[in-house]
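The primary structure of each chain is shown beneath.
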Amino acid sequence: MGEAIRNRYDFVVLFDVENGNPNGDPDNGNAPRVDLDTGHGIVTDVCLKRKIRNYVETVKEEPGYQIYIKEGTPLNVKDAGAFAELSIDEKKIPALKKEDPELDRKIRDFMCSRFFDIRAFGAVMTTFVKANLNCGQVRGPVQFGFARSVDPIVPQSLTITRVAITTEKDAEKKKTEMGRKEIVPYGLYRAEGFVSANLARKVTGFSEEDAELLWEAILNMFEHDRSAARGKMAVRELIIFKHDSELGNAPAHKLFDAVKVNKKEAGMQPRCYGDYEVTVCEEQIPEGVTCIRKN
C-alpha cells in the first residue's frame, strides 16, 4: 500500500444537484434533508462516504482495496476472515493475548491492509469488540462534515402516475396509480473534510496512493452512481490544502474561510453552477500550506 502520508490535508468539495434528491430523509417521507431554521439543504457524511466506497469498489478490483462497509456481506464474516488468515482461534483469544502482546496490532494491521475504507475512514468491528480486543475500534484519518447548500433550497414534491398497477384487484378499479417524487430544482452544496497524517502513521497506514485515490473518488463519486432519484449531480470542484507537516501549519477553519462561494448577481435564484463564482483568497493561506484545485 505504500508508506503512510506525511502531510496533513484539509479540503473543500463543491457539488450540485439539478432536479434530484441528493440525500432523502427516511423519517420525513424521503424528502431532501433541510435545516429547518435556515432552509439550507443538508447531505450527511455517511451519504458522501458511501459514494466514495462505491467508486473505489468499482475501479479497484485488486487486493488491498476491498470495501468493509458494503451491502450484502455481514461484517462478522469479514472479521472472521482475519482470524482465519492469521490462524487465530476466537475461543482462545485471552490466552493468545498473554502469549503475544502484539495480537491487537496484527489484527488491526491486517484489516487496514485489506480494506480501503478502514484505512481511510476507520471502522467499528463488533466481532473484535466482543472478543475484548483493543483493535475493534479503529479511528480513520479521513473525516467529512455534513455538506450544506450554499443558499437555501426550495424542495418540491411532485405528483407522478404509473400505468403498472400493483394487484389484479386494483387493476379492476383503476388504470393508473399515483406516487410522489421529491426533488431539489437546483442546489450547490459545500462539504469540508480532513485527512490526519498523524492518525495515518500511527493507526491505519493511509498512504499517498490512497490519498490520490481518495481525490479521484471524490471528483467522480456521482459518475457511477446515477439514478432517477438523484437527478443530475456533479462534483464541480475539489479544493485541497496540503500542509508541509504532519500536524499542520494552520487551523482548518481559517483555510476553509479562504474559500468564497458567492452568487454573481445578488438576489437571484441560482439555477446552475455558472450562477456562482468560486474564489480562493491566496492572501489568507499562510506559509507552509499549498492550495491545489481540482475539477
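Each remark here, short or long, concerns the structure printed above.
Let me sum up the structure you'll find in this document.

Criteria and thresholds
- Residues numbered from 1 in each chain as written.
- Predicted model: local features only at pLDDT ≥ 70, side-chain atom pairs only at ≥ 80, totals over all residues.
- Heavy atoms only, no water.
- 1 Å grid on protein atoms, 1.4 Å probe; cavity = no way out; pocket = protein on both sides within 12 Å on 5 of 7 lines; lining within 4 Å.
- Points joined across faces, edges and corners; volume = space filled by probe spheres on them.
- Helix = DSSP H or I, 4+ residues; strand = E, 2+ residues; numbered from the N terminus.
- Buried < 20%, exposed > 50% of the residue type's maximum accessible area, 1.4 Å probe, protein only.
- Arc of directions from axis to C-beta.
- Contact = heavy atoms within 4.5 Å.
- Disulfide = S-S within 2.5 Å.
- Expected span 1.5 Å × (residues − 1).
- Salt bridge = Lys/Arg side-chain N within 4 Å of Asp/Glu carboxyl O.

### Remarks on empty space enclosed by the protein
Here comes step 1: A full pass over the atoms with the stated rule returns 1 cavity of 30 Å³ or more.
Here comes step 2: In terms of lining, the largest cavity is formed by S149, V150, D151, P152, I153, Y186, G187, L188, Q269, P270 and Y276.
Here comes step 3: Broken down by secondary-structure element, the contributors of at least two residues to the lining of the largest cavity are β8 (147–152) and β10 (177–195).
Here comes step 4: It is β8 that provides the largest number of residues to the lining of the largest cavity, a total of 4 residues.

### Description of helix α2 (residues 75–85)
A turn of α-helix holds 3.6 residues, and therefore any two residues three or four places apart point the same way.
Here comes step 1: Of all the residues in α2, the buried ones are K78, D79, A82 and F83. Projected down its long axis, α2 shows its buried positions confined to an angular sector of 155°, all on one face.
Here comes step 2: On its buried side, α2 packs onto α3 (93–99), α4 (103–114) and α6 (126–130).
Here comes step 3: Backbone geometry just downstream of α2 places S87 in the positive-phi region, at approximately 55°.

### What to know about the state of the cysteines
Here comes step 1: The full count for this structure, using the stated rule, is 0 disulfides.
Here comes step 2: Residue C281 stays outside any disulfide, its sulfur separated by 11 Å from that of C291, the closest cysteine.

### Brief notes about helix α9 (residues 208–219)
Here comes step 1: With 12 residues, α9 should cover 16 Å at 1.5 Å per step; its first-to-last C-alpha distance of 17 Å lies within 8% of that length.
Here comes step 2: Along α9, the residues classified as buried are D210, A211, L213, L214, W215, A217 and I218.

### Details of the pattern of salt bridges
One side chain can pair with another of opposite charge once the charged atoms of both are near each other.
Here comes step 1: Summed over the entire model, instances satisfying the criterion amount to 24 salt bridges.
Here comes step 2: Residue R8 pairs with D10 through a salt bridge whose shortest N-O separation is 2.9 Å.
Here comes step 3: In this structure, R53 engages D117 in a salt bridge whose closest nitrogen and oxygen atoms are separated by 2.8 Å. Of this pair, R53 sits in helix α1 (residues 45–59) while D117 sits in helix α5 (residues 116–121), and the two are 64 residues apart along the sequence. The two residues R53 and D117 agree in class, both being buried.

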